[in-house]
Amino acid sequence: MNDIDQQSMREAVHVAASAQLTCRPNPWVGAVLVATDGRRFSGFTQPVGQSHAEVQALRAAGDAARGATLYVTLEPCNHVGRTPPCTEAIIAAGVSRVVVGVQDPDTRVAGAGLERLRKAGLQVDVNVCVTEVSEQLAAYLHHRRTGRPFVLLKLAMTIDGFIAAKSGAGGWITGDVARRRVHELRAASDAILVGAGTVRADDPQLTVRDSPGKSPRRIVLGRAPTGARVHPCTEWTGPLVDLLDTLGNEGVLQLMVEGGANVAAQFHAAGLIDRYVFHIAPAVMGGADAVPAFAGDTAATLGDVWRGSLVSTQQLGDDVEVVIAPERSKR
């Protein structure tokens, strides 16, 4: 691999970002075709039933695809689904080399696309910019490997770790920019979940209003009061693992958990969270009797403290977003 390969794959990752809100449950894939004369053409996965990223790039390139190098974030499909196999389109176009970000774990693909291209005489290279591609496709890859949705927990808190005042009175902890970011996260999720206590206390809508994209399916742990704005919703009273299995079977790739403290603690204690997204405000609640981010007992010693790995940080107005991944070896 060389710098050009990495640069081109990162371009494909950037292109793929345009697809995430429109193509689910298909993976949001980006493709960049570099012609022999240096011209570049790109494409991303279209809504379900329409063209995949590779075909979009090939169509944009036309005859320039012959002898070209195609960069694609996910292994091209080699089966007939709602669309014909991308591998056959790549071969027919005369592409000479295909560079793939990550292999597709879907059992219908799982290396078959790579094998088909190699058998046709194309040079195929895999695992370019794996970290960037895997992070972008994290929900899809997790679903295909486990059969369950990728669970993203989002909590807004003061800098001393509280998510609500002890009175339970409503109000915003974070500012407008952070709240718009929450709507972006909702739009990127297929389902959103809160506890019945949060519904009773806040009567949230759990819809997407300040961002492009569709509102996710709404799920309440427990029973939502009649007339609550969260309706229509799915009410769930069984084990969390059964819920994740059910949602996975129903095609939910990402589940966003928005609280409250008891729900967050249940998912955390069961080791079911794949990303922690904390929106931290430059505000101090003070004392120790407000509502903490996670209900229950604290760690007895520093050796018992749960630790994760920092994925990213960004400033959201006066607030800060901190994204943490669990260290699976410690779960």
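In case you missed it, the structure is sitting above this.
Just so you know, these numbers come straight off a predicted model, no measurement behind them.

Caption draft 1: Main features of the packing of helix H3 (residues 86-93) against helix H4 (residues 112-119). Taken N-terminus to C-terminus, the directions of H3 and H4 make an angle of 20°; their axes are 10 Å apart at the nearest point. One element, H3, and the other, H4, form an angle in the roughly parallel class. Relative to H4, the crossing made by H3 is right-handed. Residues Thr87, Glu88, Ile90 and Ile91 of H3 form the contact with H4, whose participating residues are Gly113, Arg116 and Leu117. Here the contact of H3 with H4 is composed, by residue class, of 3 nonpolar, 2 polar and 2 charged.

Caption draft 2: Fine view of the sheet that holds strand S6 (residues 150-158). Ordered in space as S10-S9-S8-S11-S6-S12-S15-S14, the 8 strands form an open sheet in which the pairing is mixed. Of all the strands in the sheet, just strand S10 (234-236) and strand S14 (308-316) have a single pairing partner and so form its edges. Strand-to-strand twist of the sheet, defined as the mean angle between neighbouring strand axes without regard to direction, takes the value 25°. Set on the sheet, helix H9 (residues 240-249) makes contact with S6, strand S8 (191-195), strand S9 (217-221), S10 and strand S11 (254-257); between it and S9 the angle comes to about 165°.

Caption draft 3: Structural context of the pairing of strand S5 (residues 123-126). Sheet topology note: the strand S4 (residues 97-102)/S5 ladder contains 4 bridges and is parallel. Across the sheet, residue Val99 finds its bridge partner in S5, namely Asp125. Read from S4 through H4 to S5, the crossover connection turns out right-handed.

Rules and cut-offs
- Residues numbered from 1 in each chain as written.
- Predicted model: local features only at pLDDT ≥ 70, side-chain atom pairs only at ≥ 80, totals over all residues.
- Heavy atoms only, no water.
- Axes fitted to C-alpha atoms, helices over the stretch in contact; angles between N-to-C directions.
- Helix = DSSP H or I, 4+ residues; strand = E, 2+ residues; numbered from the N terminus.
- Parallel < 35°, antiparallel > 145°, perpendicular 65-115°, else oblique.
- Left-handed = near helix turned anticlockwise from the far one by under 90°.
- Contact = heavy atoms within 4.5 Å.
- Nonpolar A, V, L, I, M, F, W, Y, C, P; charged D, E, K, R; others polar.
- Pairing = 2+ DSSP bridges.
- Right-handed = clockwise from strand over helix to strand, strands pointing away.

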